[in-house]
Amino acid sequence: MTATVQTRHAIHYSQSERMTGAEIRENFLIETLFVPGSLQAVYTHYDRMLVAGAMPTNGRLIVGEELAKLVGTDYLLERRELGLINIGGPGRVMADGTTCDLEPMDGLYLSQGTQEIAFESVDPSTPAKFYINSAPAHTSFPSRIVSRMDAIENDLGDGATSNKRKLYQYLHPKVLPTCQLLMGLTRLETGSVWNTMPAHLHDRRMEAYLYFDLPENAFVVHLMGRPEATEHLIVRSEQAVLSPPWSIHCGAGTSAYAFIWSMAGDNQSFTDMDMVDMKSLR
Ligand SMILES: O=C(O)C(=O)C[C@H](O)C(=O)CO
Ligand SMILES: [Zn+2]
């Protein structure tokens, strides 16, 4: 298969606060995750979270040796779990002989111990785009499809503050057991542009955001950094941001959009957030 693999080391805020805009992008932004007919993987040193995109076109994409080698085991999920959400056209994931059909916005959890994983699009002209996260796992919980309808729906924000949105919790303890992965999707309502404001921190868990469903010329100004020393990233559709434990993670778009958030670390309490006083942001 065609797989491209990169590593991102963990950065301290004292380093990031001295970086140029280009260095901030190099370290915290993943510009390319979806390339037709290939799998793009980024191995991070933030809670060992692997962030990847698989976009099968003609034929199957197989998770092979490259990724096993990256994590130093015989196969990728020997000591890991995996979650994904399909943001493209209908697709299939084959896992140890079981075929999982995934419509757009359906999710899938694959348990530790799953050996053979392959991706396929139903129609190569509207390819599936599997956004994948994988983290170390201590035990094997059952694999299962988590459809959009299985996810827990939450209404957040207000039109008056331009942050009205629906937050769907896919990999969440109330939906299914996982070792550490938490994963969900937030979609802004038309006319709302702000996500995750007021901002928060959770030093116990890292987080990754994949922004998508943005029109071609649109972007999100993603704010990161310590609350008293924020920096920004201009993020286009289908690009991801790595949020270190010391960083806020929020943003405003030039139009509405959606994003997938995922976390790994010391607990699975979605509400374990240290809210930031808006007056302290600099
Ligand atoms: O819309 C939001 O607010 C979010 O999606 C917030 C993320 O889920 C988050 O930061 C969880 O810690
Ligand atoms: Zn968060």
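Every chain's residues receive numbers from 1 upward, in the order its sequence appears when written. Chain letters and ligand numbers both follow the written order, the letters beginning at A and the numbers at 1. At least 70 in pLDDT is required for a residue's local features to be given in this predicted model, at least 80 for side-chain atom pairs to be given and counted, and no such filter applies to totals for whole chains, interfaces and linings, which use all residues.

1. Quick look at the overall build of the protein
The numbering of helices and of strands both runs from the N terminus, where a helix is a DSSP run of H or I of at least 4 residues and a strand a run of E of at least 2. Secondary structure summary: the protein contains three helices and 24 strands in total. All radius of gyration figures rest on C-alpha atoms, and the globule criterion is 2.2 Å times the number of residues raised to 0.38. For 282 residues, the compact-globule estimate of 2.2 N^0.38 gives 19 Å, and the C-alpha radius of gyration of the protein, at 18 Å, lies within 12% of that figure. Overall size of the protein, expressed as C-alpha extent along the three principal axes, is 55 × 35 × 35 Å. The contact criterion used here is simple: two residues whose C-beta atoms, placed from the backbone, lie within 7 Å are in contact. Of the contacts formed within the protein by residues at least 6 apart in sequence, a portion of 73% connects residues at least 24 apart.

2. Notes on the UniProt feature "binding site: Zn(2+)" (unreviewed entry) in the protein
The sites that UniProt annotates as "binding site: Zn(2+)" (unreviewed entry) are His 200, His 202, Glu 207 and His 249. Spanning 50 residues, the named residues form one tight spatial group whose C-alpha atoms are at most 11.6 Å apart. You can see His 202 is positioned in the loop between β17 (200-201) and β18 (205-212). Take His 202: there are 20 C-beta atoms within 10 Å of it, and that puts it in the buried class. Once you skip the residues sitting within four places of it in the chain, His 202 turns out to touch Pro 245, Asp 272, Met 273 and Asp 274. Partly exposed residues are those whose C-beta has more than 12 but fewer than 20 other C-beta atoms within 10 Å; 20 or more makes a residue buried and 12 or fewer makes it exposed, with C-beta atoms placed from the backbone. Look at Glu 207 and you get buried, because 23 C-beta atoms sit within 10 Å. Glu 207 has contacts with Ser 243, His 249, Trp 261, Ser 262 and Met 263, leaving out every residue within four places of it along the chain. UniProt positions are given in the numbering used here, feature names are shortened, and annotations may be inferred rather than shown by experiment.

3. A look at the site of ligand 1
Placing the C-beta atom from the backbone, one calls a residue near a molecule or strand if that atom lies within 6 Å of it. Contacts to ligand 1 come from Leu 156, Arg 165, Leu 167, Thr 186, Asn 195, Thr 196, Glu 207, His 249, Trp 261 and Met 273. Residues are grouped as follows: nonpolar covers Ala, Val, Leu, Ile, Met, Phe, Trp, Tyr, Cys and Pro; charged covers Asp, Glu, Lys and Arg; every other residue, Gly included, is treated as polar. The class makeup of the residues in the shell around ligand 1 is four nonpolar, four polar and two charged.

4. As for the sheet that holds strand β12 (residues 144-146)
Here we have seven strands laid out as an open sheet, ordered β1-β3-β4-β11-β6-β9-β12, and mixed in their pairing. Edge positions in the sheet fall to β1 (3-8) and β12, since each has one partner strand and no second. In this sheet, neighbouring strand axes are inclined to one another by 20 degrees on average, regardless of whether the strands run parallel or antiparallel. Only strands joined by at least two bridges in the DSSP assignment are considered to pair. The pairing of strand β9 (residues 107-110) with β12 spans three bridges and is classified as antiparallel. Looking across to β12, one finds that Leu 108 is bridged to Ile 145. For helices, the fitted line uses only the C-alpha atoms of the stretch in contact; every axis is such a line through C-alpha atoms, and the angle between N-to-C directions lies from 0 to 180 degrees.

5. Concerning the pairing of strand β4 (residues 50-55)
The buried count for β4 comes to six of six residues, which makes it a mostly enclosed element. With burial as the criterion, each face of β4 is covered, one bearing Leu 50, Ala 52 and Ala 54 and the other bearing Val 51, Gly 53 and Met 55. In terms of strand pairing, strand β3 (residues 38-44) meets β4 through six bridges, oriented antiparallel. Within β4, the position partnered with Ser 38 by the bridge is Met 55. Hairpin geometry of β3 and β4 is characterised by an intervening segment of five residues between the two adjacent antiparallel strands and by a positive phi of about 50 degrees at Asp 47.

6. Let's talk about the nonpolar core
In this usage, the nonpolar core is the set of buried Ala, Val, Leu, Ile, Met, Phe, Trp, Tyr and Cys residues whose C-beta atoms join them within 7 Å. Judged by nonpolar contacts, the single largest core of 72 residues is most densely connected at Leu 210, Tyr 211 and Phe 259. With residues near it in sequence (within four places) discarded, Leu 210 still touches Tyr 131, Ala 240, Phe 259 and Ile 260.

7. Side note on the environment of Thr 254
Relative to the helices and strands, Thr 254 is located in the loop between β22 (248-253) and β23 (258-265). For Thr 254, a count of 14 C-beta atoms within 10 Å puts it in the partly exposed group. Each C-alpha atom of the pair Thr 254 and Ser 162 lies 12 Å from the other, and the pair is 92 residues apart in sequence. Dropping the residues within four chain positions of it, Thr 254 is found in contact with Ala 218 and Phe 219.

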